[in-house]
Structure formats: C-alpha cells, structure tokens
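As a plain string of letters, each chain reads:
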Amino acid sequence: MRRGGVVLLILLALIAIKSCADPYGDAEEVVEEFIDSIREGEGMEAVKLLHPSFRDTLTAEVKMPVQFTELKPSQLLACALSTMGHGIEDFDIYSGELIGEKTALVKVKIEDKDDIEKIFTFVVMKDTERWYIVDISSFVPPKK
C-alpha cells in the first residue's frame, strides 16, 4: 500500500512539472528536429515535419522540371533541404511564443559557415496530435 502511495506522488509530481512547461515546447522541438535533420542531410525526415500544404507550396516553388529528375516532388524537396543544411554551422532557439491555442512562433538564430548570423521565424501549428511547420520566413527586426 505504501509503494502505491509513493508511485502516485511521483506521477502527480511529473504531471505538475509537465503542466508548468512551456506550452510551445513541443513546437520548439519540431523546429530543432527540422534543423538537425537538414544539417545531417536527412531531407526526407525534415519533409515529414512540414505540414502537407506547406510542403506542397515549397515543392511547387522548386524550379526544376520533375520529369528530368525521375524523383517524386517530395523527394526533390528533400534533396534541396539536405543540400541547404550543409551551410549551417550552428543554431539556437532565440524565442518562442504561443500566438493561438494551436499556433506558435519560434524564432531561430542560425550561423552559417561564413559566421553570418540570420534569424528565421518558424510558424508551427498543432494538428490533431502533432506539431507541423506551416511557414518559414526571414525575421526582420522592427525599426525603432
């Protein structure tokens, strides 16, 4: 009986800790996983983290005729993402904020191999069960 009480206390403590965590923490993890995937040349893993509508938009922007490559559009996008990742030296989650019940903005500072820092904003949306990247844009700080 005493063991059951201890286990119950541990479970309650874990639930309390989880509820105090950042509500957008999972969104940040998706962005980290995306950048890690492209850095490691795993484009298909990165493509899986993109919302299907955003993935389709990016695929449509690839300017090479798919017929020449004999690749599916998502494979062509994965190849492009893998190539882009080789230029990333380091990255850091700059900030994250929940902007709706199921939407978060995650700002990331990326340093390339030439020591140039860039800030990108990832819009991440929670679908039924998981978070997906729905947009990526360069962050331009507001003028003062």
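Residues numbered from 1 in each chain as written. Predicted model: local features only at pLDDT ≥ 70, side-chain atom pairs only at ≥ 80, totals over all residues. Heavy atoms only, no water.

**Things to note about the overall build of the protein chain**
Scanning the protein chain from N- to C-terminus turns up 6 helices and 4 strands. In sequence order, the secondary structure elements of the protein chain are arranged as α-α-α-α-α-α-β-β-β-β. Looking at the protein chain as a whole, 28% of its 144 residues qualify as buried. Within the protein chain, contacts between residues at least 6 apart in sequence are counted, and of these 45% link residues at least 24 apart. As displayed, the protein chain has an accessible area near 9,900 Å², and 57% of this comes from carbon and sulfur atoms. (Helix = DSSP H or I, 4+ residues; strand = E, 2+ residues; numbered from the N terminus. Buried < 20%, exposed > 50% of the residue type's maximum accessible area, 1.4 Å probe, protein only. Contact = heavy atoms within 4.5 Å. Areas by Shrake-Rupley, 256 points an atom, 1.4 Å probe, with all protein chains shown as cover.)

**A short note on a negative patch on the surface**
A contiguous patch of negative charge on the surface is contributed by D26, E29, E32, E33, D36, E40, E42, D90 and D92. Secondary-structure elements contributing two or more residues to the negative patch are α2 (25–39) and β1 (88–98). Per-element accounting of the negative patch gives the leading share, 5 residues, to α2. Position of D36 relative to the elements: it lies in helix α2. Residue class for D36 comes out partly exposed when judged on its relative accessible area of 30%. (Patch = residues over 30% accessible without salt bridge, like charges linked within 9 Å, V, L, I, M, F, W, Y side chains within 5 Å. Salt bridge = Lys/Arg side-chain N within 4 Å of Asp/Glu carboxyl O. Lys, Arg positive; Asp, Glu negative; His and termini not counted. Charge placed at Lys NZ, Arg CZ, Asp CG, Glu CD.)

**Some remarks on the pairing of strand β4 (residues 131–138)**
Across 7 bridges, strand β3 (residues 117–126) lies against β4 in antiparallel orientation. Bridging across to β4, F120 finds its partner in S138. Here β3 folds back onto β4 in antiparallel fashion, the turn holding 4 residues. (Pairing = 2+ DSSP bridges.)

**Describing the layout of surface pockets**
Volume-wise, the largest pocket comes out at about 440 Å³. Lining the largest pocket are 21 residues, with I38, L81, M84, F120 and I136 positioned closest to its centre. Broken down by secondary-structure element, the contributors of at least two residues to the lining of the largest pocket are α2, α4 (52–61), α6 (73–85), β2 (103–112) and β3. Take the lining of the largest pocket: its biggest share by element is 4 residues, from α6. When grouped by side-chain class, the residues that make up the lining of the largest pocket number 16 nonpolar, 1 polar and 4 charged. (1 Å grid on protein atoms, 1.4 Å probe; cavity = no way out; pocket = protein on both sides within 12 Å on 5 of 7 lines; lining within 4 Å. Points joined across faces, edges and corners; volume = space filled by probe spheres on them. Nonpolar A, V, L, I, M, F, W, Y, C, P; charged D, E, K, R; others polar.)

**Structural notes on the nonpolar core**
Counting residues in each nonpolar core, the largest one holds 25 residues, and the members touching the most others are F34, I35, V108 and F122. Those elements that provide at least two residues to this core are α2, α3 (43–47), α6, β1, β2, β3 and β4. When residues of this core are assigned to their parent elements, the largest contribution, 6 residues, is made by α2. Ignoring any residue separated from it by four or fewer positions in sequence, one finds F34 in contact with A46, L49, L50, L81, F122, I133 and I136. (Core = buried A, V, L, I, M, F, W, Y, C linked by side-chain atoms within 4.5 Å.)

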